[in-house]
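Observations on chain architecture
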2 protein chains.
Amino acid sequence: MRVSHRAVIEVSGRELDDVLEESGVSTPVYVYDADLAVERAREYREAFSWFPGDVRVCYAMKANFNPHLVEHILDETRAADVVSLWEMRIAVEAGAEELVVNGNAKSDDELRAAVLNAWVINVDSMEELRRVERIARREERRARVALRVNPEVDPDTHPHIATAVEGSKFGVSLRDAERVCRAMIESEYVEFLGVHYHIGSQITDLEPFVEALRSVRRFLEETGLVEELRYLNVGGGLGVPYRMDEDVPRPRDLARALREDLKDLHSESPGFDLYLEPGRSIVGEAGVLVTRVRQLKESGNRRWIFVDAGVNALIRPALYDAYHEVVVHGGDYLETVRASIAGPLCESGDVLAEDREVPADVSEGDLVVFLTAGAYCESMASNYNCQPLPGSVVVRDGELVGVREVQGYDEFRTVWE
Amino acid sequence: MRVSHRAVIEVSGRELDDVLEESGVSTPVYVYDADLAVERAREYREAFSWFPGDVRVCYAMKANFNPHLVEHILDETRAADVVSLWEMRIAVEAGAEELVVNGNAKSDDELRAAVLNAWVINVDSMEELRRVERIARREERRARVALRVNPEVDPDTHPHIATAVEGSKFGVSLRDAERVCRAMIESEYVEFLGVHYHIGSQITDLEPFVEALRSVRRFLEETGLVEELRYLNVGGGLGVPYRMDEDVPRPRDLARALREDLKDLHSESPGFDLYLEPGRSIVGEAGVLVTRVRQLKESGNRRWIFVDAGVNALIRPALYDAYHEVVVHGGDYLETVRASIAGPLCESGDVLAEDREVPADVSEGDLVVFLTAGAYCESMASNYNCQPLPGSVVVRDGELVGVREVQGYDEFRTVWE
């Protein structure tokens, strides 16, 4: 008799291999649990329901713009944070009713779209304000603007995704922000709504969020701008647990941490609405990357598992030194060994996970699944080494609602005509 | 009277803005000088012309697989180093007559294509050899194989691209390689040709190349395998100058450094041909990424130039901490200032160049050009932040021979259907 301890991944209540079989999609494939993403978005709304004004949860499209998934999230949030023309288009096609437009270098076309649709523009600098004014004047509209301020808070995250440190490319330092806000108030081409800030991504400590809000609050009070405030956008940035034993704050913890300051601020200035821009914390845990073992290899005293997706499909380990948990779906974890998991790319950096516990009997054809791969994974995929873009399967209420096969050669080739 | 000192970039004898105007392509766009790439490939052939056997320069497709450019390079080399099925297809479509098939985790389809076309397979491990044999048996062919050995030489390059250090995912250590070579010799399903090694990429010191060749030569002599040798593949890896003042060895320097050992080896075993796999050193200097200034910004005492391409188009600075020279085409360098150049992505890591000298009068709409962007740049581009893939223009003998517009929304959207 043999006792087994099989690892089984469930997506929207169904076993992963069952979902894959029904989809007919090969590997590598991103599989999304839309229920979970929608639940997380709802959790944000509910967590801030005590706020006296309106609360808008603007899903940050850059975390994952897969249209088959986005439509479910936007069906809940109705609002999105966008950073490019194509994100605008996908968000609108998916039913977004309100967009906030971000970015340090918006194109004229992006600004024009924002002006014509009366979407809020989080203006990045005095220089950009002048460009917004030119476009608004030409279009004979008043642009709805807020200023992105930099509260110069340094969260404990990867430098690539800490966005509000001194010298960052984003926003205007609080030392210089009043001048720009006043220019907005005085301008005949824009309507000043308030301020926006965003301190970074994958932040798992609440303190920087509180610190940033207090800095901005102090700025608003000291400058008297608090009286003009109709819009306060506190950005996103809440982290997700990339390690199984990691305990990270949830939307309700963030809401609790910010509650007192936000309520005080609202009592001073009852006219403002609260905007949030969560991305990763909505979608991060709702996705996995499913790969298949192509080749096993023992080399010296190192054991390798080579799968059919490389850093072209999941660049976070190479780009941010990121960690994703790895599970061999259906694998027997009673007897395990240590192995590193790498992709097929001809590049040493193409290693997805180092020194992990895997079933001793892991074999060619087994499904190796990278967890917490819903955010900043598929959205960064490329054709490096002429590898296909992964497929994707979206599951909602146990039903396959969006199925996309792994990219084919003809489609790939069209891009290069 | 005003003296100017204008920076002008020439491509295949023509000024860059003239090329762009004729192409009609917008920015961001990769512009390639096919003359230079072909010249570099020819330089390899000529540099090794003293070798008594055949010399095959196999262009490493992964450096740049843009079909419009590849056809010119392969017209010269007639041979390519490929790492995926799609690279095989592009290489064959571009006229390659001989392919060598690399990779640590080739798919069954890739191995089958290699077997059926009698392309050389650089086998990565004993485990892979068994898979090659299975496929060859099924197809009733003898696969042409060499073993990728790991000479465990540590070049002074970025760890992501050092491929022959101990514990690398690639190849078989020289301590274990004889066993695999003997298994190849004894197998009825494969034909043993010899050995392959590749120590890494962007190597600018010749010593590791010599060291690796000597290790492999010693291995061949000590094991007696030198008598069976019909194929010696010394890989690629020669660097290019990313900084203007950098002096890097050229193909003829590499050839000179390897000459004595290769000649000695050939006199011991006159039956082998020499294979090389240059990629970056053929194509790296032949490409530039042309971007346009979208927004200027002064922030504290830091000056920013925001251009219309981000790390989605050029990820090397973020991924490898790489340096690319930046030139403002047509800019007056008599009066200059220091500035950092960043893209439009909503991510702090989206900075392409830090603290560079730029013309004091740099303005919106100016062309900001990243040099030495022919290798591992366009091939790694992605749609992150829903940014379009850059366009590309290939110039040969002053003529525009391959013109591809910046990606459009409909094409992008098709990928996500």
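Refer to the structure above for everything that follows.
Details of the interface of chain A and chain B
The interface of chain A with chain B comprises 84 residues on the first partner and 84 residues on the second. Between chain A and chain B, the buried area comes to about 7,200 Å², and carbon and sulfur atoms account for 57% of it. Our count for the chain A to chain B interface comes out at eight salt bridges. Elements with a contribution of two residues or more to the side of chain A that touches chain B: helix H3 (67-77), helix H4 (85-93), helix H6 (126-139), strand E13 (287-299), strand E14 (302-307), helix H11 (316-320) and helix H12 (409-415) of chain A. Class assignment for the residues of the side of chain A that touches chain B results in 32 nonpolar, 27 polar and 25 charged.

As for the side chain of His 72 of chain B
All names here are of chain B. Within the secondary structure, His 72 sits in helix H3 (residues 67-77). Here His 72 falls in the buried class, since its relative accessible area comes to 11%. Sequence-distant contacts of His 72, defined by excluding residues within four places in its chain, comprise Ala 34, Val 38, Val 394, Arg 396 and Val 401.

So, the packing of aromatic side chains
Working definition: an aromatic ring pair is given by the centre-to-centre distance plus the angle between the planes. All chains considered together, the criterion is met by 24 aromatic pairs over all chains. Relative to Trp 86 of chain B, the ring of Tyr 409 of chain A has its centre 5.8 Å away and its plane inclined at 65°; by these criteria the two rings are edge-to-face. With Tyr 409 of chain A in helix H12 and Trp 86 of chain B in helix H4 (residues 85-93), this pair bridges two chains. A relative accessible area of 8% places Tyr 409 of chain A in the buried class. Plain terms: the ring middles of Tyr 231 of chain B and Tyr 275 of chain B are 4.6 Å apart, the flat faces sit at 45° to each other, and that makes the pair tilted. Residue Tyr 231 of chain B is located in strand E11 (residues 231-233), and its partner Tyr 275 of chain B is located in strand E12 (residues 273-276); the two are separated by 44 residues in the primary sequence. Chaining the aromatic ring pairs together yields one cluster made of Phe 65 and Trp 86 of chain A together with Tyr 409, Phe 412 and Trp 416 of chain B. Against the face of Tyr 323 of chain A rests Arg 243 of chain A, its NZ or CZ located 3.7 Å from the ring centre.

Side note on unusual backbone geometry
All names here are of chain A. The linkage connecting Thr 27 with the following residue, Pro 28, adopts the cis geometry, with an omega of -5°. Tracing the backbone through its elements, the reader meets Pro 28 in the loop between helix H1 (16-23) and strand E3 (29-33). Phi at Glu 152 takes a positive value of approximately 50°, unusual for a residue other than glycine. Here Glu 152 is to be found in the loop between strand E8 (143-150) and strand E9 (172-173).

Points about the relation of the copies chain A and chain B
Comparison of the two chain copies shows a relationship of rotation about an axis with a shift along it. At an RMSD of 0.0 Å, chain A and chain B line up after a rotation of 180° and a shift of 0.0 Å along the axis. The relationship between the two copies is best expressed as a two-fold rotation axis. Both copies present the same face, since 100% of the interface residues in chain A are matched by interface residues at the equivalent positions in chain B.

Considerations on a negative patch on the surface
A grouping of Asp 154, Asp 156, Asp 205, Glu 207 and Glu 211 of chain A is seen on the molecular surface, where their side chains present a negatively charged patch. The residue Glu 207 of chain A is located in helix H8 (residues 207-223) in this model.

Points about the pairing of strand E13 (residues 287-299) of chain B
All names here are of chain B. In terms of residue burial, E13 counts as a mostly covered element, since ten of its 13 residues are buried. Both strand E3 (residues 29-33) and E13 contribute to a ladder of four bridges, which runs antiparallel. Looking across to E13, one finds that Tyr 30 is bridged to Leu 289. For E13 and strand E18 (residues 367-370), the ladder comprises four bridges, and the chain directions are antiparallel. Bridge pairing links Arg 292 to Leu 367 in E18. Pairing analysis gives six bridges linking E13 to strand E14 (residues 302-307), with the strands arranged antiparallel. Note that in E14 the partner of Val 293 across the bridge is Val 307.

Calculation rules
- Residues numbered from 1 in each chain as written.
- Chains lettered and ligands numbered in written order.
- Predicted model: local features only at pLDDT ≥ 70, side-chain atom pairs only at ≥ 80, totals over all residues.
- Heavy atoms only, no water.
- Contact = heavy atoms within 4.5 Å.
- Buried area = accessible area lost by both parts, 1.4 Å probe.
- Salt bridge = Lys/Arg side-chain N within 4 Å of Asp/Glu carboxyl O.
- Helix = DSSP H or I, 4+ residues; strand = E, 2+ residues; numbered from the N terminus.
- Nonpolar A, V, L, I, M, F, W, Y, C, P; charged D, E, K, R; others polar.
- Buried < 20%, exposed > 50% of the residue type's maximum accessible area, 1.4 Å probe, protein only.
- Phe/Tyr/Trp six-rings, centres within 6.5 Å; stacked < 30°, edge-to-face > 60°.
- Lys NZ or Arg CZ within 6 Å of the ring centre and 35° of its normal.
- Least-squares fit on C-alpha atoms with pLDDT ≥ 70 in both.
- Patch = residues over 30% accessible without salt bridge, like charges linked within 9 Å, V, L, I, M, F, W, Y side chains within 5 Å.
- Areas by Shrake-Rupley, 256 points an atom, 1.4 Å probe, with all protein chains shown as cover.
- Lys, Arg positive; Asp, Glu negative; His and termini not counted.
- Charge placed at Lys NZ, Arg CZ, Asp CG, Glu CD.
- Pairing = 2+ DSSP bridges.

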